[in-house]
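Notes for the structure review
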Amino acid sequence: MELILDDTYFMKKALQEAELAAEEGEVPVGAVIAVQGRIIARAHNQTEKLNDVTAHAEMLAITAASNFLGGKYLYDCTLYVTLEPCLMCAGALHWSQIPRIVYGAADPKRGFTVSGGILHPKTMVTAGVLGNEAEALLKRFFIQKRNLN
């Protein structure tokens, strides 16, 4: 039997990570990295928990995937992330030489596309996969945060 997994399957896994972030009081962004239909890294934002502005879901997932693979390059991998990566994360993704990025919600204020992008020239990007769900989760989080303050 052939295992067929599509972008939606992996994005749902990234959304589960984003939910964990929200439960921990973190901005709800989640990421998974897959290779050959298998998830090798999962992460969510932990900037508050770790008191580290670089602890974005993408950065933590890159580190976990690199450790799993035993090398710094993420050849043949795909990153699934619920929010368009920021410039910092895009820079790290560039250096990792990841060939594919799939994201959910666009980030018109801080996303990498604002500056014209800095990804590796061979990286393919797919935008908007479960974007409405990712955006709704972010909106709920910030509405709740404003109501608590």
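Scroll up to find the structure.
In this report, the structure presented in the accompanying data block is examined. Keep in mind that this is a model prediction, so the values were computed, not measured.

1. Description of the pattern of salt bridges
Evaluated as defined, the whole model comprises three salt bridges. For Glu 19, the salt bridge is made with Arg 140, and the minimal N-O distance between the two is 3.9 Å. In this pair, Glu 19 is assigned in helix α1 (residues 7-23) and Arg 140 in helix α5 (residues 131-148), connecting sequence segments 121 residues apart. By relative accessible area, which is 35% here, Glu 19 ends up partly exposed. Given a relative accessible area of 43%, Arg 140 falls into the partly exposed group. As a salt-bridge pair, Lys 139 and Glu 135 come within 3.0 Å of each other at their nearest N and O atoms. Taken as a pair, Lys 139 and Glu 135 lie in helix α5 at a separation of four residues, close to a single helical turn. A relative accessible area of 37% places Glu 135 in the partly exposed class.

2. Here's the deal with the pairing of strand β2 (residues 38-44)
Pairing between strand β1 (residues 30-35) and β2: six bridges, direction antiparallel. Each residue of the ladder has a partner; that of Ile 33, found in β2, is Ala 41. Count of turn residues in the β1/β2 antiparallel hairpin: two residues, of which Gln 36 carries a positive phi of about 50 degrees.

Rules used throughout
Residues numbered from 1 in each chain as written. Predicted model: local features only at pLDDT ≥ 70, side-chain atom pairs only at ≥ 80, totals over all residues. Heavy atoms only, no water. Salt bridge = Lys/Arg side-chain N within 4 Å of Asp/Glu carboxyl O. Helix = DSSP H or I, 4+ residues; strand = E, 2+ residues; numbered from the N terminus. Buried < 20%, exposed > 50% of the residue type's maximum accessible area, 1.4 Å probe, protein only. Pairing = 2+ DSSP bridges.

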